[in-house]
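In case you want the letters, here they are:
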Amino acid sequence: MPINDTSRLRERAAAILAENDRGHYTVPTRGLYPFQWNWDSCLTALGLSQLDEARGWLEIETLMAHQWPDGMVPHIVFHVNDEGYFPGPHVWRTGRPTPTSGITQPAVAGFAVRRLFERARDRRLADTSARRLLTKIDRWHQWFFNNRDPDGEGLVAILHPWESGRDNSIDWDEAFERVPTDGIDAYVRRDLQHADASHRPTNAQYDRYLWLLQCFRDLDWDNSRLHAASPFRIVDPGFNAILIRSCQDLAWLADRLGEGDIARRNRNLAERALAAFETLWSETHGQYVCRDRVTGSLIDSASCGGIMSVFAAIPRIRATALARRVETLARNSRHVVASHDPADSRFDSHRYWRGPIWLIVNYMIADGLANAGEADTAGRIRRDSLDLIASGGFAEYYDPHSGEPLGGGSFTWTAAMVLEFLRNND
Ligand code: GLC
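Predicted model only: the values in this text are computed from it and were never measured.

(A) Broad picture of the overall build of the protein. When you go through the protein residue by residue, the secondary structure sums to 17 helices and eight strands. Here the protein has a C-alpha radius of gyration of 20 Å; the compact-globule value for 426 residues is 22 Å, and the two agree. Sequence separation of at least 24 residues holds for 72% of the intrachain contacts in the protein that already meet a minimum separation of 6. Total accessible area on the protein stands at roughly 15,100 Å², and carbon and sulfur atoms take up 47% of it. Computed over 49 positive and 57 negative side-chain charges, the inter-centroid distance for the protein is 3 Å.

Below, the structure written as structure tokens:
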């Protein structure tokens, strides 16, 4: 499929969104991920709204309808029964009326809702939907700072790799050594029935994912106790940058809707977080990196999480440095942006978040770079992204050297991001 045939790319993207549409939510892809995922849905709503505004709003409203009473928005909503996925509701046992997982995911909803609102042609629908979502997202943001920043550092920690959305990143390896594997219930992985084992996390990692899950379950999913109890507490720049951007975008929206308190609160949270953000800068790597909150040290791992920092309003000098990082990565692999630096011996071009390219990551990095005036690098990312799709189809992720499509196929958020990349070029 030639890259300039944008109408065919659009058609195929729309067909994938339709195929994975379950009426009031989308599944990331059939088989491998049969439920609603948090950040998948928020990013997918952008693509959906290009085809049908009401459907775009509904996607986020469905997710937010499953917010917990304490304000958390879970990473998976199990709308239906499906034995093909592990760990399912019987493992999580969170006790929610519609079963959900017990951890969260990157808070991209605030960003997505501002985008939908700005683009809306149906102003009345936009106004009522945004108003409904505004207070819920505000509560979620407060939940983060109350529960994941108990000492008021200004930045929040993730307590499980799945919360980052970058499940098996090299960023977590060192801290994961601390997570025990004893006492976990016997289990059978289901992901390997849908995808190649060499593209997925290892069994040793799965044991630790499960240990953390059981540790939190034993505390009855009481979020006020989990931070102190978890041996895994990481301050991830990518995760925090998404939250900061969402706080800023929610503040913008709150101003438009005359909700001064929400605007002030979210602006303050973003400003405090941005001030603390500089502590994550690594001169050695020329980018932001994670901090291990248990040891207090920066983690020696240059992943796309640090580059995603540009999604927030970081200082201009840092954004320029991150554009240079992307250019360096571009010299080390045929396509950008590898989820991990190919120059690192731990890099793996096939294995999920340890090297492959993800379109949602490319989208957020390109958006941040464009906002920071780094149009050339942003354009390069966009072109590479569309090239990967045109030659490899709408996969879950891609080998940065060969462009080979990897993981699941007909992937929802990949399709949504293609619509977004094409839209931004109109
Ligand atoms: C994987 C990804 C995560 C995503 C989920 C559904 O777990 O690592 O980011 O949300 O799949 O697509």
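Moving on from the model shown.
(B) Layout of the pattern of salt bridges. All chains considered together, the criterion is met by 32 salt bridges. We note a salt bridge from Asp138 to Arg265, for which the minimum N-O separation is 2.7 Å. Note that Asp138 is positioned in helix α6 (residues 123-148) and Arg265 in helix α12 (residues 260-277), a separation of 127 residues in sequence. For Asp348, the salt bridge identified is with Arg351, shortest N-O distance 3.5 Å. Here the salt bridges share partners, and the residues they tie into one network are Arg114, Arg115, Glu118, Arg245, Asp249 and Asp367.

(C) Spatial organisation of α6. Over its 26 residues, α6 runs 36 Å from end to end, which matches the ideal 38 Å to within 8%, given 1.5 Å per residue. Leu134 marks where α6 bends most, by close to 25 degrees.

(D) Examining the site of the ligand more closely. As a matter of local geometry, the ligand sits amid Pro28, Tyr33, Trp37, Trp39, Asp40, Gln105, Gly165, Asp167, Tyr352, Trp353, Phe411 and Trp413. Here Asp40 contributes a side-chain N or O atom positioned 2.6 Å from an oxygen atom of the ligand. Taking 310 Å² as the accessible area of the ligand by itself, protein coverage stands at 96%. Within the shell around the ligand, the residues separate by chemical class into eight nonpolar, two polar and two charged.

(E) Representation of the packing of helix α2 (residues 38-51) against helix α15 (residues 359-371) within the structure. Close contact between α2 and α15 brings their axes to 12 Å; oriented N to C, the two are set at 65 degrees. By crossing handedness, the relation of α2 to α15 is classed as left-handed. Between α2 and α15, the residues in contact are Trp39, Leu43 and Leu46 and Ile360, Tyr363 and Met364, respectively. Tallied by class, the residues present in the contact of α2 with α15 amount to six nonpolar, no polar and no charged.

(F) Molecular detail of the nonpolar core. Ile360, Met364 and Ile365 are the most contacted members of the largest nonpolar core, which has 143 residues in total. Among the elements that take part in this core, helix α11 (residues 237-256) stands out by supplying 10 residues, more than any other. Contacts of Ile360, omitting those with residues within four sequence positions, involve Trp39, Leu43, Trp353, Trp413 and Met417.

(G) Spotlight on unusual backbone geometry. Residue Pro87 is reached from Phe86 by a cis peptide bond, and omega for that bond is 0 degrees. Here the bond from Val336 into Val337 is cis, since omega is 0 degrees, no more than 30 degrees from zero. Along the polypeptide, Val337 turns up in the loop between α14 (316-332) and α15. Of note in this structure, Asp220 is not a glycine but carries a positive phi near 55 degrees. With respect to the helices, strands and loops of the structure, Asp220 is situated in the loop between α9 (203-218) and α10 (223-229).

(H) Inspection of the confidence of the model for the protein at higher detail. Mean pLDDT over the protein stands at 97; residues scoring 70 or higher make up 98%. The secondary structure element of the protein with the lowest average pLDDT is helix α17 (residues 412-424), at 95, and the one with the highest is α11, at 99.

(I) The arrangement of the state of the cysteines in detail. Evaluation of the coordinates by the stated rule reveals zero disulfides. Of the cysteine sulfurs around Cys42, a residue in no disulfide, the closest is that of Cys247, at 14 Å. The thiol of Cys290 is not disulfide-bonded; the next cysteine sulfur, from Cys304, is found 9.9 Å away. The buried category is assigned to Cys290, whose relative accessible area is 2%.

(J) Quick look at the side chain of Arg166. Residue position: Arg166 is located in the loop between α7 (161-164) and α8 (173-176). Residue class for Arg166 comes out buried when judged on its relative accessible area of 1%. Among all residues touching Arg166, those that are not within four sequence positions of it are Pro161, Asp171, Trp172, Asp236, Cys290, Ser303, Cys304, Gly305 and Trp353.

(K) Region of interest: α11. With 20 residues, α11 extends 29 Å between its outermost C-alpha atoms, agreeing within 8% with the 28 Å of an ideal straight helix rising 1.5 Å per residue. The opening residue of α11, the one whose side-chain oxygen lies 3.0 Å from the backbone nitrogen of Gly238, is Asp236. Gly258, located one to two residues past α11, shows a positive phi value of around 70 degrees.

Calculation rules
- Per-chain numbering applies: the sequence of each chain, read as written, is numbered from 1 onward.
- Restriction of local features to residues with pLDDT of at least 70 applies here, the model being predicted, together with a cutoff of 80 or more for giving and counting side-chain atom pairs; totals for whole chains, interfaces and linings are based on all residues.
- Hydrogen atoms and water are omitted, and side-chain values are computed over all heavy atoms in the structure.
- The secondary structure listing takes helices from DSSP runs of H or I that are at least 4 residues long and strands from runs of E that are at least 2 residues long, numbered from the N terminus.
- Just to be clear, the radius of gyration here is over C-alpha atoms, and the globule rule we use is 2.2 Å times residues to the power 0.38.
- Contact definition: two residues touch when any of their heavy atoms are within 4.5 Å.
- Here the open area of atoms and residues is found with the Shrake-Rupley method and a 1.4 Å probe, where only the protein chains shown may cover a residue.
- The sign given to each residue is positive for Lys and Arg and negative for Asp and Glu; His and the chain ends receive no count.
- Note on charges: their place is set at NZ of Lys, CZ of Arg, CG of Asp or CD of Glu.
- The term salt bridge refers to a pairing of a side-chain nitrogen on Lys or Arg with a carboxyl oxygen on Asp or Glu at a separation within 4 Å.
- Helix span is expected to be 1.5 Å times the residue number reduced by one.
- To get the bend at a residue, fit one axis to the 7 residues ending there and another to the 7 starting there, then take the angle between the axes.
- Nearness is judged by heavy atoms alone; a residue qualifies as near a molecule or strand once a single heavy atom is within 4 Å of it.
- Contacts described as polar in this section are N or O atom pairs within 3.5 Å, which, within protein, must combine one atom able to donate a hydrogen with one able to accept it, while residues neighboring in sequence count only if both atoms come from side chains.
- Amino acids outside the nonpolar list (Ala, Val, Leu, Ile, Met, Phe, Trp, Tyr, Cys, Pro) and the charged list (Asp, Glu, Lys, Arg) are all regarded as polar, and Gly is one of them.
- An axis is simply a line fitted to the C-alpha atoms; with a helix, the fit covers only the stretch in contact. Between two such axes, the angle follows the N-to-C directions and lies from 0 to 180 degrees.
- Each crossing gets its hand from how the near helix is turned against the far one by less than a right angle, where anticlockwise is left-handed and clockwise is right-handed.
- In this description, a nonpolar core means a group of buried Ala, Val, Leu, Ile, Met, Phe, Trp, Tyr and Cys residues linked to one another through side-chain atoms lying within 4.5 Å.
- Only protein chains enter the area calculation, which uses a 1.4 Å probe; residues under 20% of their type maximum are buried, those over 50% are exposed, and those in between are partly exposed.
- On a range of 0 to 100, pLDDT expresses the predictor's confidence in each residue.
- We call a pair of cysteine sulfur atoms a disulfide when they lie within 2.5 Å.

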